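Close look at the chain arrangement
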Amino acid sequence: MNEKSKNFIPTILGNLFKGSVLRIKEKNSMIHVSPYRGNIFFKVSKNGFYKSQKKEKIKLDVNDFLTPVEFNNIIGIGKNFKNNVKKNDITQFKLNPDFFLMNTNAILANYKSTKLPYYYSSVLIEPEIGVVIKKECKNINVKEIHNYIKGYLICNDLSGRDLKKIIKDNTLLRKSSDGFLPVSSALIPHSNEKSFVL
């Protein structure tokens, strides 16, 4: 077994990073869990720490999982990747980033399905890394960024294509239709390591 595979645990959701934090509803409250193996998970705090010395376990089904966090503002960055990136392209992007907002109705939990709206014939699906910000920030120093990142998650960014029945397309419909942002069940907590595996 190589070092990389030791970081992953086989579960009912697929192979999860061993430090992943997931959220479920238990009775009338939200609790957090971390993978043990298969359908068994440890109960943990929202930061991924064990809730007790006994490392209490719980059996779960794929439908028990919620999105790993509650979403408020969703900010997307467009045109941030292409083949054969040149230094000038990066400089131009930094000077003129393409930001867009998405509504929370676009969020779709893992193992849920969405329907194509009547005004599009198809969608483009782009895999993305979501960065979850844990507290309010503005104009912060690059060296302080790590103090504001809660963690990372995998998501699919759906973009409506082939407009029909509406004359003109717009970003709101194209990016924020219901279920157009499926997200993973697991959050990878931020660490100060320079590289990590999702």
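Preceding this section is the structure that the text describes.
Notes on the overall build of the chain
Helices and strands together make up the secondary structure of the chain, namely three helices and 13 strands. Counting the 198 residues in the chain, one finds 31% classified as buried. Residue pairs at least 24 apart in sequence account for 63% of intrachain contacts in the chain once pairs closer than 6 positions are excluded. Summed over its atoms, the accessible surface of the chain is roughly 13800 Å², and 51% of this surface lies on carbon and sulfur atoms.

Structural notes on the pairing of strand 4 (residues 29–37)
Across five bridges, strand 3 (residues 21–26) lies against strand 4 in antiparallel orientation. In the sheet register, Lys25 faces strand 4, and the bridge partner there is Met30. Turn length for the strand 3-strand 4 hairpin, with the two strands adjacent in sequence and antiparallel, is two residues, and the turn residue Lys27 shows positive phi of about 60 degrees. Here strand 4 pairs with strand 5 (residues 40–44) via five bridges, running antiparallel.

Description of the environment of Phe71
Relative to the elements of secondary structure, Phe71 occurs in the loop between strand 6 (57–59) and strand 7 (74–78). Each C-alpha atom of the pair Phe71 and Ile107 lies 8.3 Å from the other, and the pair is 36 residues apart in sequence. Contact partners of Phe71, with chain neighbours within four places excluded, come to Thr104, Ile107, Leu153 and Val183.

Procedures and definitions
- Residues numbered from 1 in each chain as written.
- Predicted model: local features only at pLDDT ≥ 70, side-chain atom pairs only at ≥ 80, totals over all residues.
- Heavy atoms only, no water.
- Helix = DSSP H or I, 4+ residues; strand = E, 2+ residues; numbered from the N terminus.
- Buried < 20%, exposed > 50% of the residue type's maximum accessible area, 1.4 Å probe, protein only.
- Contact = heavy atoms within 4.5 Å.
- Areas by Shrake-Rupley, 256 points an atom, 1.4 Å probe, with all protein chains shown as cover.
- Pairing = 2+ DSSP bridges.

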